[in-house]
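# Close look at the chain arrangement
Single-letter residue listing:
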Amino acid sequence: MNMPLPHAALLQHAREAIALETRSLTLAYGNAVRVRSASISFPRNRVTAIMGPSGCGKSTLLRGLNRTLELIPGARLLSGEVLMDDEEVYGPHTSASSVRKRIGMLQQRPTPFPMSIAENALFGARYHGFVRDRTSDVRHYLTQVGLWNEVSNRLDASAYTLSGGQQQRLCLARTLAVRPSIVLMDEPCSALDPHATAVIERLIRELTSEYTIVVVTHNIAQARRIADHCVFMLDGQVIAAGTRDEILINPRHSTVRDFVTGQIG
């Protein structure tokens, strides 16, 4: 399992390898601005936790990163940029579908499709023409999320026969099968029990060897366990960003300190 890097190493890594970056990003639902002038760098092959009180803009920011925000009626980019490997995500020559393929999303609650376990795992890959060998591909992606040994004898069973934690891992396998380089997760453990949560957290850490991961979480203890880098939001604005220790262990900003110590939340 990968462990969070020491401060100096993480900062050096962040300077050298940024997978995703926002510059003065402003997002709105109708006339309501939900994210204001957010400038954030997401280090490659690291876990960045986006935190803050309910309604502060965390999930809106997440959806803005891979253009799923525009699927919501009235939601839109007002100004700013999102850069992925220096390519403008909202650029005139960049399609939303190509962005969503390269920046995958795992939702808050498991969302298996009404089909078999195997077909769920390959759904996105089949759509994009990535399936080479059905049997080996199913095994590869289910093994990647630790499901193969649990379901290998019932691959044709409905995905709805799985437990909540297994369904969430299946949805993660479905996301990874599209071959993204970045995976966004919106409160991925909020609907799971402690055991299933621990499994997902372990997977998050393991997957950083291949993917850049951005996780929205309200859980301070979880962020301490999984994050290398943290972003703290309040009223749609980024008020602090830095390494896990800088934000969660020794926060300088008084609001962040109050949130981390449970004074607000």
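The paragraphs below set out a description of the structure included in this document. (Residues numbered from 1 in each chain as written. Predicted model: local features only at pLDDT ≥ 70, side-chain atom pairs only at ≥ 80, totals over all residues. Heavy atoms only, no water.)

Check the secondary structure of the chain and you find eleven helices and ten strands. The C-alpha radius of gyration computed for the chain amounts to 18 Å, which stays within 12% of the reference 18 Å derived for 265 residues, consistent with globular compactness. Over its C-alpha atoms, taken along the principal directions, the chain stretches across nearly 55 × 40 × 35 Å. Considering the chain as a whole, with its 265 residues, one finds that 52% of them fall into the buried category. Contacts in the chain between residues at least 24 apart in sequence constitute 69% of all its contacts with a sequence separation of at least 6. (Helix = DSSP H or I, 4+ residues; strand = E, 2+ residues; numbered from the N terminus. Rg over C-alpha atoms; globule rule 2.2 N^0.38 Å. Buried < 20%, exposed > 50% of the residue type's maximum accessible area, 1.4 Å probe, protein only. Contact = heavy atoms within 4.5 Å.)

Glancing now at the layout of surface pockets. Roughly 580 Å³ of volume is contained in the largest pocket. Listed by contribution, the elements that provide at least two residues to the lining of the largest pocket are helix H3 (96–102), strand E6 (103–106), helix H4 (117–127) and helix H7 (164–176). Considered class by class, the residues forming the lining of the largest pocket number nine nonpolar, ten polar and four charged. By volume, the second largest pocket amounts to about 230 Å³. For the second largest pocket, the lining is made up of 18 residues, of which Pro53, Ser54, Gly55, Cys56 and Lys58 are closest to its centre. At three residues, the largest contribution of residues to the lining of the second largest pocket is made by helix H2 (residues 58–65). Residues belonging to the lining of the second largest pocket are distributed by class as follows: five nonpolar, nine polar and four charged. (1 Å grid on protein atoms, 1.4 Å probe; cavity = no way out; pocket = protein on both sides within 12 Å on 5 of 7 lines; lining within 4 Å. Points joined across faces, edges and corners; volume = space filled by probe spheres on them. Nonpolar A, V, L, I, M, F, W, Y, C, P; charged D, E, K, R; others polar.)

This part covers the side chain of threonine 68. With respect to the helices, strands and loops of the structure, threonine 68 is situated in the loop between H2 and strand E4 (75–84). For threonine 68, a relative accessible area of 16% translates into the label buried.

Attention now moves to H7. For the α-helix, the turn length of 3.6 residues means that residues three or four positions removed from each other point alike. Relative to the 18 Å expected for 13 residues at 1.5 Å per residue, H7 spans 19 Å between its end C-alpha atoms, a close match to the ideal helical length. Of all 13 residues making up H7, twelve are buried, and the element is well covered by its neighbours. Within H7, burial applies to Gly165, Gln166, Gln167, Gln168, Arg169, Leu170, Cys171, Leu172, Ala173, Arg174, Thr175 and Leu176. (Expected span 1.5 Å × (residues − 1).)

This brings us to the nonpolar core. Core analysis: the largest hydrophobic core is formed by 37 residues, its most contacted members being Leu142 and Leu172. Counting only elements with at least two residues in this core, the list comes to H4, helix H5 (134–144), helix H6 (148–151), H7, strand E7 (182–186), helix H8 (194–207) and strand E8 (212–216). For leucine 142, the residues in contact, after removing those within four places along its chain, are Ile117, Ala121, Leu147, Trp148, Val151, Leu155, Leu170 and Ala173. With 29 residues, the next largest nonpolar core counts Phe42, Val99, Ile103 and Val231 among its residues. (Core = buried A, V, L, I, M, F, W, Y, C linked by side-chain atoms within 4.5 Å.)

For the structure on display, the rule yields zero disulfides. Free cysteine: cysteine 189, not disulfide-bonded; nearest cysteine sulfur from cysteine 171 at 13 Å. Here cysteine 189 falls in the buried class, since its relative accessible area comes to 8%. (Disulfide = S-S within 2.5 Å.)

The next point concerns the packing of aromatic side chains. Summed over the entire model, instances satisfying the criterion amount to two aromatic pairs. Both rings, one in phenylalanine 113 and one in phenylalanine 123, keep their centres 4.8 Å apart while their planes meet at 70°; by these two values the pair is edge-to-face. Of this pair, phenylalanine 113 sits in the loop between E6 and H4 while phenylalanine 123 sits in helix H4, and the two are ten residues apart along the sequence. When the ring of phenylalanine 232 is compared with that of phenylalanine 259, the centres are 5.1 Å apart and the planes differ by 70°; the resulting orientation is edge-to-face. Pair noted here: phenylalanine 232 is in strand E9 (residues 229–234) and phenylalanine 259 is in helix H11 (residues 254–260), with a separation of 27 residues, a long-range link. With respect to class, phenylalanine 232 is no different from phenylalanine 259; both count as buried. Lying over the aromatic face of phenylalanine 113, arginine 174 brings its terminal NZ or CZ to 3.9 Å of the ring centre. (Phe/Tyr/Trp six-rings, centres within 6.5 Å; stacked < 30°, edge-to-face > 60°. Lys NZ or Arg CZ within 6 Å of the ring centre and 35° of its normal.)

It is worth spelling out the sheet that holds E9 at this point. Strand order in the open sheet formed by six strands is E6-E7-E8-E3-E9-E10, and the pairing between neighbours is mixed. Two strands in the sheet have a free side with no partner beyond their single neighbour: E6 and strand E10 (237–243). Strand-to-strand twist in this sheet, taken as the mean axis angle between neighbours without regard to direction, amounts to 20°. Of the strand pairs in this sheet, strand E3 (residues 47–51) and E8 are connected by four bridges, and their pairing is parallel. (Pairing = 2+ DSSP bridges. Axes fitted to C-alpha atoms, helices over the stretch in contact; angles between N-to-C directions.)

Okay, the pattern of salt bridges next. Here the structure, examined in full by the defined rule, presents 15 salt bridges. Residue glutamate 70 pairs with arginine 100 through a salt bridge whose shortest N-O separation is 3.6 Å. Remark: arginine 100 occurs in helix H3 and glutamate 70 occurs in the loop between H2 and E4; sequence separation between them is 30 residues. A relative accessible area of 36% places glutamate 70 in the partly exposed class. Residue arginine 100 is classed as partly exposed on the basis of its relative accessible area of 26%. (Salt bridge = Lys/Arg side-chain N within 4 Å of Asp/Glu carboxyl O.)

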